[in-house]
Amino acid sequence: MRKTAGFCINNVNIATMSASSNVANVPYGIKENGSVYINAGRIEKIDDANHLSADGINVIDGQGQWLLPGLIDCHTHLVYAGNRASEFEMRQQGKSYSEIAKQGGGIQSTVNATRQASYESLLHLAKNRAARLIEEGVTTIEVKSGYGLDLETELRMLHVAKDLERTLSVNIEPTYLGAHSVPKKYRESPDEYVKFVCEQVLPEVVKQGLATSVDVFCETIGFTPAQCETVFIAAKDHGLNVKAHVEQLSDLKGAKLAAKYHALSVDHIEYLQPEDIPALAKSNTVAVVLPGAFYSLRETQLPPIAALRAHNVPMAIATDLNPGSSPIASLLTIMNMGCVLFGMTPEETLLGVTRHAAQALGLNRKGQIVTGFDADLGLWNIQHPCELSYGINQVRPSRIWVNGEER
């Protein structure tokens with residue numbers, strides 16, 4: 001990777017995706033014919049191209065292309081072993097996701113494969129999946145654990161996630177998802193498993209500095225709101241952020257509970273009721289929609305996009321890359337799905353993988369091309385930013401920078 005600190009990208013059209021552009025009513029935060037100065041991994045200045053002041057630094061000619069913030073995939077489960085292609089076939093034969101899970105499939109089958117996998121194997125598999133995201137301009141990936149459901153494997157998964165950052169040119173945000181599914185050992189005593197998560201695994205995750213957030217699966221086939229609240233309290237006691245899979249298959253009021261604990265995000269939310277949305281707005285919680293799972297499971301219950309808009313709740317969008325319900329390693333495809341399946345606009349989906357995705361991860365210096373922000377950038381040979389969500393498998397960035405270094 002080539003060091004590029006102290007340089008300027010000139011002659012570019014810029015989609016800043018900045019919050020300040022909302023006030024000026026400038027779609028995408030567009031600044032045409034501009035230049036961006038970068039130093040020490042940060043954006044130092046944004047100016048007009050004809051005001052170029054080289055001052056002896058390297059100048060990169062953007063040739064009139066579009067400069068966008070690096071894309072952020074704010075919800076993935078990409079560290080795992082095995083696959084669930086056979087379950088895909090079962091679903092095509094008429095069985096539901098819930099039926100398969102109750103018969104020992106679903107998350108539990110991936111848990112079995114992941115527990116048996118070596119560290120090296122998990123890292124190799126995860127690197128291949130992450131590489132698919134990275135080639136599309138993704139510069140930050142959230143990676144959840146949750147396919148170990150024991151101490152040893154959960155820690156191994158999070159260490160693998162950390163190693164992705166060291167071995168690939170990408171920012172990794174690790175999340176501990178111990179409350180993903182109740183393992184067989186605790187099937188008759190789920191409260192004991194929640195106690196194990198909070199009292200044995202979580203303290204070790206914190207001690208080793210392996211996660212920035214804690215997530216839960218609040219669902220009829222996952223954990224009850226009361227159990228999730230126990231995890232939230234433990235996470236907050238350890239100074240970690242909280243996130244939540246909620247209202248994917250039913251309405252357990254998990255989103256409202258998560259908002260009570262000022263969750264960074266609530267994810268899936270197909271069954272989120274409009275009357276619960278003001279709580280998200282009040283807590284500044286991001287609504288993360290995951291059309292990959294909606295598509296793969298052939299769901300019909302749409303998330304309340306219009307109501308989220310009406311209450312100005314920021315919406316992010318992510319791959320949910322996982323072996324069962326969203327085996328999709330393409331954030332650009334997901335953006336197209338967000339438009340076609342959920343009725344989002346191209347600008348909303350781009351906000352959903354930049355500024356709002358950064359907010360969903362608690363990253364206050366990413367997702368926008370703004371002075372002082374990290375220089376995570378993608379240069380795209382396109383006519384307009386809406387092209388990222390317009391087609392499928394048609395565009396790729398021509399150049400990418402992560403923290404000011406070219407990838």
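Residues numbered from 1 in each chain as written. Predicted model: local features only at pLDDT ≥ 70, side-chain atom pairs only at ≥ 80, totals over all residues. Heavy atoms only, no water.

### Some details on unusual backbone geometry
Then step 1. One non-glycine residue with positive phi stands out, namely asparagine 33, at about 50°.
Then step 2. Structurally, the position occupied by asparagine 33 is in strand E2 (residues 30–39).
Then step 3. On the basis of relative accessible area, asparagine 33 is assigned to the partly exposed category, the value being 39%.
Then step 4. Its identity as a non-glycine residue notwithstanding, lysine 253 has a phi of 65°, on the positive side. (Helix = DSSP H or I, 4+ residues; strand = E, 2+ residues; numbered from the N terminus. Buried < 20%, exposed > 50% of the residue type's maximum accessible area, 1.4 Å probe, protein only.)

### Points about the UniProt feature "domain: Amidohydrolase-related" (unreviewed entry) in the chain
Then step 1. In the numbering used here, UniProt assigns the "domain: Amidohydrolase-related" (unreviewed entry) feature to residues 67–405.
Then step 2. The straight-line gap between the two end C-alpha atoms of residues 67–405 is 15 Å; of that span, 42% is helix and 17% is strand. (UniProt positions renumbered as here; feature names shortened; annotations may be inferred.)

### Considering the UniProt feature "binding site: N-formimidoyl-L-glutamate" (unreviewed entry) in the chain
Then step 1. Listed under "binding site: N-formimidoyl-L-glutamate" (unreviewed entry) in the UniProt record, and renumbered for this structure, are Tyr147, Asn322 and Gly324. Look at the named residues: they lie 178 residues apart in sequence, but the longest C-alpha span between them is just 11.7 Å, so in the fold they bunch up. Considered against the largest cavity, the annotated residues that line it turn out to be Tyr147, Asn322 and Gly324.
Then step 2. Considering the arrangement of structural elements, one finds tyrosine 147 in the loop between strand E7 (138–144) and helix H6 (151–167).
Then step 3. Its relative accessible area of 2% is what places tyrosine 147 among the buried residues.
Then step 4. For glycine 324, the position within the fold is in the loop between strand E13 (315–317) and helix H13 (331–342).
Then step 5. Among the residues examined, glycine 324 registers a relative accessible area of 5% and is labelled buried.
Then step 6. Apart from the residues within four sequence positions on either side, glycine 324 is in contact with Arg84 and Arg91. (1 Å grid on protein atoms, 1.4 Å probe; cavity = no way out; pocket = protein on both sides within 12 Å on 5 of 7 lines; lining within 4 Å. Contact = heavy atoms within 4.5 Å.)

### Things to note about the packing of helix H5 (residues 119–134) against H6
Then step 1. Contact geometry for H5 and H6: axes closest at 10 Å, N-to-C directions at 50°. Viewed along their axes, H5 and H6 adopt a mutual orientation that is oblique. Read as a crossing pair, H5 and H6 show a hand that is right-handed. Contact residues: H5 offers Tyr119, Leu122, Leu123, Ala126 and Lys127, while H6 offers Arg156, His159, Val160, Asp163, Leu164 and Thr167.
Then step 2. In terms of residue class, the contact of H5 with H6 is made up of six nonpolar, two polar and three charged. (Axes fitted to C-alpha atoms, helices over the stretch in contact; angles between N-to-C directions. Parallel < 35°, antiparallel > 145°, perpendicular 65-115°, else oblique. Left-handed = near helix turned anticlockwise from the far one by under 90°. Nonpolar A, V, L, I, M, F, W, Y, C, P; charged D, E, K, R; others polar.)

### A word on the side chain of histidine 356
Then step 1. Within the secondary structure, histidine 356 sits in helix H15 (residues 355–360).
Then step 2. Within the structure, histidine 356 has its side chain in polar contact with the backbone oxygen of methionine 315 (distance 3.1 Å).
Then step 3. Residues within four places of histidine 356 in sequence aside, it is in contact with Val286, Pro314, Met315, Ala316 and Leu351. (Polar contact = N/O pair within 3.5 Å; in protein donor to acceptor, adjacent residues only side chain to side chain.)

### Focus on the sheet that holds strand E8 (residues 171–179)
Then step 1. Within the open sheet, the eight strands sit side by side as E6-E7-E8-E9-E10-E11-E12-E13. Their pairing is parallel. Two strands in the sheet have a free side with no partner beyond their single neighbour: strand E6 (71–73) and E13. On average, each strand axis in the sheet is tilted by 25° relative to the strand beside it, whichever way the strands run.
Then step 2. Both E8 and strand E9 (residues 213–218) contribute to a ladder of three bridges, which runs parallel. By the bridge assignment for E9, alanine 179 is matched with valine 216.
Then step 3. On top of the sheet, helix H7 (residues 190–207) reaches E8 and E9; it is set at about 150° to E8, its chief contact. (Pairing = 2+ DSSP bridges.)

### Regarding the pattern of salt bridges
Then step 1. For the structure shown, the criterion picks out 20 salt bridges.
Then step 2. Here glutamate 348 and arginine 309 are joined by a salt bridge, their closest N and O atoms 2.6 Å apart. With glutamate 348 in helix H14 (residues 346–352) and arginine 309 in helix H12 (residues 305–310), this residue pair connects regions lying 39 residues apart in the sequence.
Then step 3. Residue class for glutamate 348 comes out buried when judged on its relative accessible area of 15%.
Then step 4. When salt bridges that share partners are traced, they join Arg42, Arg365, Lys366, Asp374 and Asp376 into one network. (Salt bridge = Lys/Arg side-chain N within 4 Å of Asp/Glu carboxyl O.)

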